[in-house]
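As a plain string of letters, each chain reads:
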Amino acid sequence: MKIIKVSNSTEMAKTAGEMIAEKVRANPEIVLGLATGGTPIGTYQYLIEDHKENGTSYSKASSVNLDEYIGLPKTDPNSYYFFMKTNLFDHLDISPERTFIPDGTADDLEAECTNYEKRIAELGGVDLQLLGIGRNGHIAFNEPGTSFDSRTQIVSLAEETITDNARFFSSPEEVPTKAISMGIATILESKEIILLANGKSKAEALHSLIKGEVTEDFPASALQRHGNVTIIADEDALSLINDI
Ligand code: GLP
């Protein structure tokens, strides 16, 4: 794993944004794997600015998102559909027909999961996957204990995740307890992965990811088995790693 240490979250966003925009320019038909949460927002802002100022075009690109809450309609400001639309898609020239997010309100959620995997395969797989990391080591919504062989599936959120994500809702009770999440095996098939982390709250998770054993008890450790991962993290998030 390549580790890029930056001074703060602004630098993290710029470094990641530059890398992503460059890859989009080099491969206009790129399939981007996209993440939600607080961490990637600055990177998305960078991509929007870059699109406006430098004209980087997404007109031929596609995107697949990692996950979506079950039960939240697209109009709900806490749905990941709404997040992506307002934080990124509405401000780029990407075609809405080529942006894919699991539908957490589908009548047949199992079929939705199967179809999502098929869609990723039809796109030829993910070229560049952007990831955040949960404090408990989750990637997407793959909580501790998830099989490394997992594919897109219905998952239950860990208590810690519900507590962490409650900051976006009016109360913890409003946080959905289930989600559709791309699996670990799906994520590992991405050709390239960029993982972002900032802040002291992610320091232990990053330490386990970089120095810990590969175990399903810590889902992000699966990334140690991938040959093309870049971690872009700030000093706070890397504060428990002494040798970089
Ligand atoms: C969320 C998302 C993950 C994200 C993680 C960290 O629940 N499902 O994809 O990486 O938790 O979120 P944040 O960036 O807000 O710390």
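Residues numbered from 1 in each chain as written. Predicted model: local features only at pLDDT ≥ 70, side-chain atom pairs only at ≥ 80, totals over all residues. Heavy atoms only, no water.

## Things to note about a negative patch on the surface
Then step 1. Negative charge collects at one region of the surface, where Asp149, Glu213, Glu216 and Asp217 lie side by side.
Then step 2. Relative to the assigned elements, Asp149 resides in the loop between β6 (128-131) and β7 (153-156).
Then step 3. Asp149 sits in the exposed class, given a relative accessible area of 65%. (Patch = residues over 30% accessible without salt bridge, like charges linked within 9 Å, V, L, I, M, F, W, Y side chains within 5 Å. Areas by Shrake-Rupley, 256 points an atom, 1.4 Å probe, with all protein chains shown as cover. Salt bridge = Lys/Arg side-chain N within 4 Å of Asp/Glu carboxyl O. Lys, Arg positive; Asp, Glu negative; His and termini not counted. Charge placed at Lys NZ, Arg CZ, Asp CG, Glu CD. Helix = DSSP H or I, 4+ residues; strand = E, 2+ residues; numbered from the N terminus. Buried < 20%, exposed > 50% of the residue type's maximum accessible area, 1.4 Å probe, protein only.)

## Remarks on the environment of Thr163
Then step 1. Counting through the fold element by element, Thr163 comes out in helix α5 (residues 159-165).
Then step 2. Among the polar contacts listed, one links the side chain of Thr163 to the backbone oxygen of Glu159, at a separation of 2.8 Å. (Polar contact = N/O pair within 3.5 Å; in protein donor to acceptor, adjacent residues only side chain to side chain.)

## Digging into the site of the ligand
Then step 1. Surveying the vicinity of the ligand reveals 14 residues, the closest of which are Gly38, Thr39, Asn165, Arg167 and Lys202.
Then step 2. In this structure, an oxygen atom belonging to the ligand sits 2.8 Å away from a main-chain N or O atom of Gly38.
Then step 3. Between an oxygen atom of the ligand and a side-chain N or O atom of Asn165, the distance comes to 2.8 Å.
Then step 4. Computed on the free molecule, the ligand has an accessible area of 390 Å², of which 95% lies beneath the protein chains in the complex. (Near = heavy atom within 4 Å.)

## A word on the packing of aromatic side chains
Then step 1. Counted under the stated rule, the structure contains four aromatic pairs.
Then step 2. Plain terms: the ring middles of Tyr69 and Phe141 are 5.5 Å apart, the flat faces sit at 45 degrees to each other, and that makes the pair tilted. Note that Tyr69 is positioned in strand β4 (residues 67-69) and Phe141 in the loop between β6 and β7, a separation of 72 residues in sequence.
Then step 3. By relative accessible area, which is 1% here, Tyr69 ends up buried.
Then step 4. Judged by its relative accessible area of 2%, Phe141 is buried.
Then step 5. Ring centres of Tyr69 and Phe169 lie 5.7 Å apart, and the angle between their planes is 85 degrees; this geometry places the pair in the edge-to-face category. (Phe/Tyr/Trp six-rings, centres within 6.5 Å; stacked < 30°, edge-to-face > 60°.)

## Overview of the environment of Asn54
Then step 1. You can see Asn54 is positioned in helix α2 (residues 41-54).
Then step 2. With relative accessibility at 54%, the residue Asn54 sits in the exposed group.
Then step 3. Sequence separation between Asn54 and Ala21 is 33 residues, and the spatial gap between their C-alpha atoms is 9.8 Å.
Then step 4. Polar side-chain contacts of Asn54 include one of 2.7 Å to the side chain of Asp50.

## Section: the packing of α2 against helix α3 (residues 80-87)
In helix packing, the relevant descriptors are the interaxial angle and the interaxial distance, both defined with respect to the helix axes.
Then step 1. One can describe the packing of α2 onto α3 by two numbers: an axis separation of 10 Å at closest approach and a directional angle of 40 degrees. Put simply, α2 runs oblique to α3. Packed against α2, whose contacting residues are Ile41, Tyr44 and Ile48, the element α3 presents Phe83, Met84 and Asn87 at the interface.
Then step 2. Considered class by class, the residues forming the contact of α2 with α3 number five nonpolar, one polar and no charged. (Axes fitted to C-alpha atoms, helices over the stretch in contact; angles between N-to-C directions. Parallel < 35°, antiparallel > 145°, perpendicular 65-115°, else oblique. Contact = heavy atoms within 4.5 Å. Nonpolar A, V, L, I, M, F, W, Y, C, P; charged D, E, K, R; others polar.)

## Structural notes on the pairing of strand β2 (residues 31-34)
Then step 1. Covered by surrounding structure in β2 are Val31 and Gly33 together with Leu32 and Leu34, the residues of both alternating faces.
Then step 2. Sheet analysis places β2 next to strand β3 (residues 62-65), joined by four bridges and oriented parallel. Along β3, the bridge assignment pairs Gly33 with Val64.
Then step 3. In terms of handedness, the path from β2 via α2 over to β3 forms a crossover that is right-handed.
Then step 4. Here β2 pairs with β6 via two bridges, running parallel. Its bridge partner lying in β6, Gly33 is registered against Gln129. (Pairing = 2+ DSSP bridges. Right-handed = clockwise from strand over helix to strand, strands pointing away.)

## Observations regarding the packing of helix α1 (residues 9-26) against α2
Then step 1. With their axes 8 Å apart at the nearest point, α1 and α2 run at an angle of 50 degrees to one another. What the angle tells us is that α1 and α2 run oblique. For the element pair α1 and α2, the recorded crossing hand is right-handed. Contact residues: α1 offers Met12, Ala13, Lys14, Ala16, Gly17, Glu18, Ile20, Ala21 and Arg25, while α2 offers Gly42, Thr43, Tyr46, Leu47 and Asp50. (Left-handed = near helix turned anticlockwise from the far one by under 90°.)

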